[in-house]
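# Examining the three-dimensional arrangement
Listed here are the chains, written in short residue letters.
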Amino acid sequence: MMRRLAILGSTGSIGTSTLDVVEAHPEHFQVMALAARANLDLLEAQVRRHSLRLVTVATEAAAQELRRRLGRTATEVGSGAAGLLQAASDAGADLVVSAIVGGAGLLPTMGAIMAGKDVALANKESLVMAGDLVTAEARRRGVRILPVDSEHSAIFQCLGDGGASQVRRIVLTASGGPFRTRTRATFASITPDEALRHPNWSMGKKITIDSATLMNKGLEVIEAHWLFGLPMDQVDVIIHPQSIIHSLVEYVDGSVLAQLGVADMRIPIQYALTYPQRRVNRVPRLSLERLAGLTFEPVDREKFPCLDLAYEAARAGGSSPTVLNAANEVAVHRFLDRRIGFEEIPTLIRKALDAHPRRAVGSVEEVLEVDREVRRRLEDD
Ligand code: NAD
Ligand code: MG
């Protein structure tokens, strides 16, 4: 069976791995649309390898430059929010890979669902911001949200057809990031370069910083809560530095199922693209003989306060997870620009949560209004 894809965020870490999977199985996939912000060199090369219906970039200036480079071609070149929405909903795809980073992924993800497309979801921020709205819309339209995030793919695989009804809890594994063993007393001197050196995974900058603060695990707990319909108290986190077990499901009878594999995102990406099939690939195999050991330890919640901030925001509900997400994005950018220190990331998020008391949000527009308010207020500070 041929699956027609739109890949949003095609020049990123997930986007390029997705194209790797697609190009290894040309008989199974056809790429209809690509979307990215501004990396025109890479995007142009991607367009030339596939006969697309649409390619879209962030600005009209970038679109004009891309049109000039592509010359005469059947591929339409779009731009801005409209282009992104068109790629998600109206470019002939039946599965949309949502792999833009940050809150910018919410509108196209929702657009894809409203247009009745299945979504392979990497953009966890859209579920953090609007998990109830997004999952309710998916149920209404009868479309699937297939997890790309490795932990969620693991849970999805361990749940099988039974779903979450006989589950006692799910346990998301976390590598602990680059500062797992570093003493908190030295956290003030952490540089962006140090924080960008993830021990096990190679990823985009934003999620790499989130992994160093453990906010990534906080966002993933919220993502799991919405994807699998489990209350927050049934979603736990454990540190597993080797990143071989990607997550676990504990059933009511004490049986625990885990999914293992090498730390290579092409495995969960491919499963989302070929579900419910599995296909042969050339991703390196897990060699159990060469594993020195699998170890586990509890999270040091004082050293990494972002995890509890995420639980707190999710339990408060309403606008709070949107506030958490927006403040985190601002804080991560400021840290990367060396405007704040590593330890100020949770401080800034704490302040934003206190400054924006929970309120109800009933639509994606209201969610985006909260997102803009948080960013505006942080700019004024
Ligand atoms: P990345 O920074 O490598 O790539 C981001 C992509 O989004 C790029 O193609 C960029 O051009 C595009 N983009 C950004 N803003 C845009 C905008 N306004 N309009 C159009 N395109 C825009 O990020 P990544 O590491 O690939 O992560 C993408 C998403 O996947 C994030 O939500 C992340 O949390 C999630 N995720 C990533 C990994 C991983 O291994 N990298 C694992 C799990 C989940
Ligand atoms: Mg993950």
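Look above for the structure.
Right, let's walk through the structure included here. A quick note: this is a predicted structure, and the numbers were derived from the prediction, not measured.

### Re the environment of G229
Within the secondary structure, G229 sits in the loop between α10 (215-228) and β9 (235-239). Using a relative accessible area of 61% as the deciding quantity, one classes G229 as exposed. The sequence separation of G229 and L219 amounts to 10 residues, and the corresponding C-alpha distance is 15 Å.

### Let's talk about the coordination of the magnesium ion (ligand 2)
Taken together, the protein donors to the magnesium ion (ligand 2) comprise D149 (OD), E151 (OE) and E220 (OE), at separations of 2.1 to 2.2 Å. Within one chain, the residues donating to the magnesium ion (ligand 2) are spaced in sequence as D-x1-E-x68-E. By the burial criterion, D149 is buried, and E151 matches it.

### Looking at the pairing of strand β10 (residues 245-251)
By the criterion of burial, β10 is predominantly enclosed, with seven of the seven residues buried. Sheet topology note: the β10/strand β11 (residues 256-260) ladder contains five bridges and is antiparallel. Residue E250 lies in a different strand from β11, and its bridge partner there is V256. Linking β10 to β11, which pair antiparallel, is a turn of four residues; within it G254 sits at a positive phi near 90°.

### Some words on the pattern of salt bridges
A full pass over the atoms with the stated rule returns 32 salt bridges. The partner of R69 in a salt bridge is D41, with the nearest N and O atoms 2.7 Å apart. In this pair, R69 sits in helix α3 (residues 60-70) while D41 sits in helix α2 (residues 40-49), placing the two residues 28 residues apart along the sequence. When salt bridges that share partners are traced, they join D41, E44, R48, E65, R68 and R69 into one network.

### Description of the nonpolar core
Judged by nonpolar contacts, the single largest core of 87 residues is most densely connected at I170, L324, F342 and I349. When residues in this core are grouped by element, the largest group, eight residues, is from helix α13 (residues 320-336). Once residues lying within four places of it in the same chain are set aside, the contact partners of I349 are M215, C306, L309, L324, A327 and N328. In terms of nonpolar packing, the next biggest core, distinct from the first, is built from 35 residues, I7, L40, L70 and Y275 among them.

### Comments concerning the site of ligand 1
Not every one of the 21 residues close to ligand 1 is listed here, only the nearest: T11, S13, R37, E125 and G204. A distance of 2.9 Å is found between an oxygen atom of ligand 1 and a backbone nitrogen or oxygen belonging to I14. Between ligand 1 and R37, the relevant distance is 2.8 Å, taken from an oxygen atom to a main-chain nitrogen or oxygen of the residue. Look at ligand 1: alone it shows 830 Å² of surface, and the protein chains cover 86% of it. At the level of elements, α1 (13-24) and α6 (124-141) are the ones that each hand at least two residues to the shell around ligand 1.

### Focus on the sheet that holds β11
What the four strands build is an open sheet, ordered β9-β8-β10-β11; its pairing is mixed. In this open sheet, the two strands that pair with only one neighbour each are β9 and β11. When the angles between neighbouring strand axes are averaged without regard to direction, this sheet yields 20°. Note: strand β8 (residues 167-174) against β9, five bridges, orientation parallel. Within β9, the position partnered with A174 by the bridge is I239. Against the sheet, helix α7 (residues 150-159) engages β8, β10 and β11, with an angle of about 40° to β10. Against the sheet, α10 makes contact with β8 and β9, and its axis sits at roughly 150° relative to β8, the strand it touches most.

### A few points about the side chain of Q46
Mapped onto the elements, Q46 comes out in helix α2. At 2.8 Å, the side chain of Q46 and the side chain of S10 are in polar contact. Beyond its immediate sequence surroundings of up to four residues, Q46 is in contact with S10, T11, T16, L19 and L34.

### Observations regarding the environment of R48
Residue placement: R48 occurs in helix α2. Judged by relative accessible area, R48 falls into the exposed class, the value being 52%. With sequence-adjacent residues up to four places away left out, R48 is seen in contact with R69 and L70. Within the structure, the side chain of R48 is placed 2.9 Å from the backbone oxygen of R69, a separation counted as a polar contact.

### Considering the pairing of β8
Buried residues dominate β8, accounting for six of its eight residues. Sheet topology places β8 next to β10; five bridges connect them, and they run antiparallel. The residue of β10 that forms the bridge with V167 is Y251.

Cut-offs used in this document
- Counting starts from 1 at the beginning of each chain's written sequence and moves along it residue by residue.
- A letter from A marks each chain and a number from 1 marks each ligand, given out in the order of writing.
- Only residues with pLDDT of at least 70 are given local features in this predicted model, and only at 80 or more are side-chain atom pairs given and counted; all residues enter the totals for whole chains, interfaces and linings.
- Computation of side-chain values: all heavy atoms of the structure, hydrogens and water removed.
- Secondary structure counts use DSSP, requiring at least four H or I residues in a row for a helix and at least two E residues in a row for a strand, with both numbered from the N terminus.
- Accessibility here uses a 1.4 Å probe with only protein chains present; expressed as a share of the type maximum, an area under 20% marks a residue as buried, one over 50% as exposed, and anything in between as partly exposed.
- The donor set comprises N, O and S atoms within 2.8 Å of the metal, extended to 3.2 Å for Na, K and Ca; water molecules are omitted, so apparent gaps in a site may simply reflect that omission.
- We treat two strands as partners when DSSP finds at least two bridges between them.
- One side-chain nitrogen of Lys or Arg within 4 Å of one carboxyl oxygen of Asp or Glu is enough to make a salt bridge.
- Residue types Ala, Val, Leu, Ile, Met, Phe, Trp, Tyr and Cys, when buried and joined through side-chain atoms within 4.5 Å, form a set referred to as a nonpolar core.
- Any pair of residues with heavy atoms lying within 4.5 Å of one another is described as a contacting pair.
- For each residue, the test is whether any non-hydrogen atom lies within 4 Å of the molecule or strand; if one does, the residue is near.
- Identification of polar contacts relies on pairs of N or O atoms within 3.5 Å, with a donor-acceptor requirement for protein atoms, meaning one able to donate a hydrogen and the other able to accept it, and with residues adjacent in sequence counted only if both atoms are side-chain atoms.
- Areas reported here follow the Shrake-Rupley algorithm with a probe of radius 1.4 Å; residue values treat only the protein chains shown as occluding.
- Geometry is summarised by axes, namely lines fitted to C-alpha atoms with helices restricted to the contacting stretch, and by angles between N-to-C directions that run from 0 to 180 degrees.

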